[in-house]
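# Understanding the architecture of this molecule
Residues per chain, in single letters:
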Amino acid sequence: EKGGFPSFMEKEIHDQPDAVLQTLLGRSDIDGKLTLDELRIDPALLKSVNKIIVLACGTSAYAGQVAKYAIEHWCRIPTEVELSHEFRYRDPIVDANTLIVSISQSGETMDTLMAVRYAKEQGAKTVSICNTNGSTIPRESDAVLYTHAGPEIAVASTKAFLAQITAAYLLGLYLAQLRGNKFQGEIKDILADLGKIPAKIQEILDNEEPIKELGRSMADAKSVLFLGRHVGYPVAMEGALKLKELAYIHAEGFAAGELKHGPIALIEEGQPVFVVVPSPRGRDSLHAKVVSNIQEVRARGAKTIVIAEEGDEAVTAYAEHVFYIPESPTLLAPLLATVPLQIFALALASAKGYDVDQPRNLAKSVTVE
Ligand code: F6R
């Protein structure tokens, strides 16, 4: 049942091309129009939404943070992402024009369920992005958009994360389509680019040996930092979470721009720092800014490990190790950049002899508050 892999986690990492593909399938027509009739929520209602709040915990919350960049860009609807367990206790502003999007692999996370119930009581409309058919959160929500990643057995989430980003993007594109804003023309292109993601993930998996080797060689690391900007920021936090969960190593993800506001003080000789670099073809000066962040930590002795887009030569001078991912539009890059980080954590934890499917102290679904 592990498909020939030594662990469920490794299998599930390798299931990711299919997890994304299955989540995309049947949700748009050949003209590039999204057909999310399964949502069964009145389109007029969705049109009247003036605020989106994404509620989730852990990895699912990082998927929400990635999606926020895309949803705000495509829909121009203010979008917040909040940890479910924080949301309820701060007297949040929620009304009938608020769309709550909960994200949960299991559909049973008590913190998220309670947050969704609370939002419903305040009159909000609730959509669930969920990987588990018929589970509690989708049953209690007004609508559901299932991720079709297939059952995720390993405690640490991998394929569900990529499927959640994919589903949240489809929801964002659907809202943009309904609202008929200026991104109409782009929807078809983005869908086409999403369609190319599974093959690109496969390409990363086919070339996983060097990152595995790096993971094995770093089994003695005491602390690993991860930096990213824009959508690379939640990817950095997800990379850090995988390492904490699986390898029991101190790991932290930072927004690269925040470095100079404090975290750079942590950098000393030999400190491993992963940097998720945005595409040099992307907008603004994002790429240049991140490259200078790599220089800054390198100059202070960091061991820099860079995830960059194929053909990006600008990073090589400052990187101890570079792992290239295939080209993609900036917003889709998290579906690729996350994969080497997962493989790294898996390899490092395996080298330490830990059970990657059942890390200590963790449960697959957290059904207590
Ligand atoms: C991370 C992980 C957890 C879950 C979190 C939410 O690898 O597995 O952080 O993502 O407990 O779980 P769901 O998505 O089931 O609500």
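Presented here is a report on the structure given in the accompanying data block.

The rules behind the values
Residues numbered from 1 in each chain as written. Predicted model: local features only at pLDDT ≥ 70, side-chain atom pairs only at ≥ 80, totals over all residues. Heavy atoms only, no water. Helix = DSSP H or I, 4+ residues; strand = E, 2+ residues; numbered from the N terminus. Rg over C-alpha atoms; globule rule 2.2 N^0.38 Å. Buried < 20%, exposed > 50% of the residue type's maximum accessible area, 1.4 Å probe, protein only. Near = heavy atom within 4 Å. Polar contact = N/O pair within 3.5 Å; in protein donor to acceptor, adjacent residues only side chain to side chain. Areas by Shrake-Rupley, 256 points an atom, 1.4 Å probe, with all protein chains shown as cover. Nonpolar A, V, L, I, M, F, W, Y, C, P; charged D, E, K, R; others polar. Contact = heavy atoms within 4.5 Å. Expected span 1.5 Å × (residues − 1). Pairing = 2+ DSSP bridges. Axes fitted to C-alpha atoms, helices over the stretch in contact; angles between N-to-C directions. Phe/Tyr/Trp six-rings, centres within 6.5 Å; stacked < 30°, edge-to-face > 60°. Lys NZ or Arg CZ within 6 Å of the ring centre and 35° of its normal. Bend = angle between axes of the 7 residues up to and from the residue. Core = buried A, V, L, I, M, F, W, Y, C linked by side-chain atoms within 4.5 Å.

### A short note on the overall build of the protein chain
Within the protein chain, the regular secondary structure consists of 13 helices and 10 strands. Taking 369 residues into account, the globule formula puts the C-alpha radius of gyration at 21 Å, and the protein chain, at 20 Å, falls close to it. Structurally, the protein chain occupies a C-alpha span of about 55 × 45 × 40 Å along its principal axes. A burial count over the protein chain gives 59% of its 369 residues as buried.

### Let's talk about the site of the ligand
Neighbouring residues of the ligand: 14 residues in total, closest S60, S104, Q105, S106 and T109. Residue S157 places a main-chain N or O atom 2.8 Å away from an oxygen atom belonging to the ligand. Here an oxygen atom of the ligand sits 3.0 Å away from a polar atom, N or O, in the side chain of K242. Out of a free accessible area of 410 Å², the ligand has 89% covered by protein chains. Contributing elements (two or more residues each) for the shell around the ligand: α4 (58-75) and α11 (232-247). Considered class by class, the residues forming the shell around the ligand number 4 nonpolar, 8 polar and 2 charged.

### Some points on the environment of F254
Its location among the elements puts F254 in strand β7 (residues 250-255). What makes F254 buried here is its relative accessible area of 10%. Sequence-wise, F254 and P234 are 20 residues apart; in three dimensions their C-alpha atoms are separated by 8.6 Å. Beyond its immediate stretch of four places on either side in the chain, F254 contacts L225, F226, L227, G228, Y233, A236, P263 and L266.

### Details of α11
An α-helix turns once every 3.6 residues. As a result, residues three or four positions apart point the same way. Taking 1.5 Å of rise per residue, the 16 residues of α11 would be expected to cover 22 Å, and the 22 Å separating its terminal C-alpha atoms lies within 8% of that figure. The buried fraction of α11 is high, at 14 of 16 residues. Taken from the residues just after α11, Y248 is the one with a positive phi, measuring 55°.

### As for the sheet that holds strand β4 (residues 125-130)
The parallel open sheet is built from 5 strands, whose spatial order is β2-β1-β3-β4-β5. The outermost strands of the open sheet, each flanked by one partner alone, are β2 (79-83) and β5 (143-146). Strand-to-strand, the axes of this sheet are offset by a mean angle of 20°, without reference to chain direction. Where β4 lies against β5, 4 bridges are found, and the strand directions are parallel.

### A look at the environment of V339
With respect to the element layout, V339 can be found in helix α13 (residues 334-351). A relative accessible area of 0% means that V339 is categorised as buried. Counting along the chain gives 242 residues from V339 to N97, while the straight-line C-alpha distance between them is 36 Å. Setting aside chain neighbours within four positions, we find V339 in contact with Q16, L162, I201, I204 and L205.

### Describing the packing of aromatic side chains
In total, this model carries 5 aromatic pairs according to the counting rule given. Their ring planes at 80° and their centres at 5.2 Å tell us that W74 and Y169 sit as a pair that is edge-to-face. Taken together, the residues W74 in helix α4 and Y169 in helix α8 (residues 159-179) connect sequence positions 95 residues apart. Just as W74 is buried, Y169 falls in that class too. Ring centres 4.6 Å apart and planes at 65° place the aromatic pair F274 and F344 in the edge-to-face group. One end of the pair, F274, is in strand β8 (residues 272-276); the other, F344, is in helix α13, with 70 residues separating them in the sequence. Pairwise contacts between aromatic rings join F226, F274 and F344 into one cluster. Sitting over the ring of Y248, R360 keeps its end group 3.9 Å from the ring centre.

### A word on helix α9 (residues 184-206)
In this model α9 runs 35 Å from its N-terminal to its C-terminal C-alpha over 23 residues, within 8% of the 33 Å that 1.5 Å per residue would give. Along α9, the helix axis deviates most sharply at I197, where the bend reaches about 30°; the proline P198 sits within four residues downstream. Buried-residue contacts for α9 involve α1 (8-14), α2 (16-24), α4, α8, β10 (321-325) and α13.

### Digging into unusual backbone geometry
Phi angles above zero are rare outside glycine, and R40 is one such case at about 45°. Although it is not a glycine, Y248 adopts a positive phi angle of roughly 55°. Position of Y248 among the secondary structure elements: in the loop between α11 and β7. On the accessibility criterion, Y248 (22% relative accessible area) is partly exposed.

### A closer look at the nonpolar core
One finds L39, Y169, L194 and L243 to be the most contacted residues of the largest nonpolar core, which totals 91 residues. The element best represented in this core is α8, accounting for 13 residues. Contacts of L39, omitting those with residues within four sequence positions, involve L46, V127, D142, A143, V144, L145, L171 and Y174. In this structure, L225, F254, V290 and A302 belong to the second largest nonpolar core, which totals 19 residues.

By themselves, these figures tell us nothing about what the structure is for.
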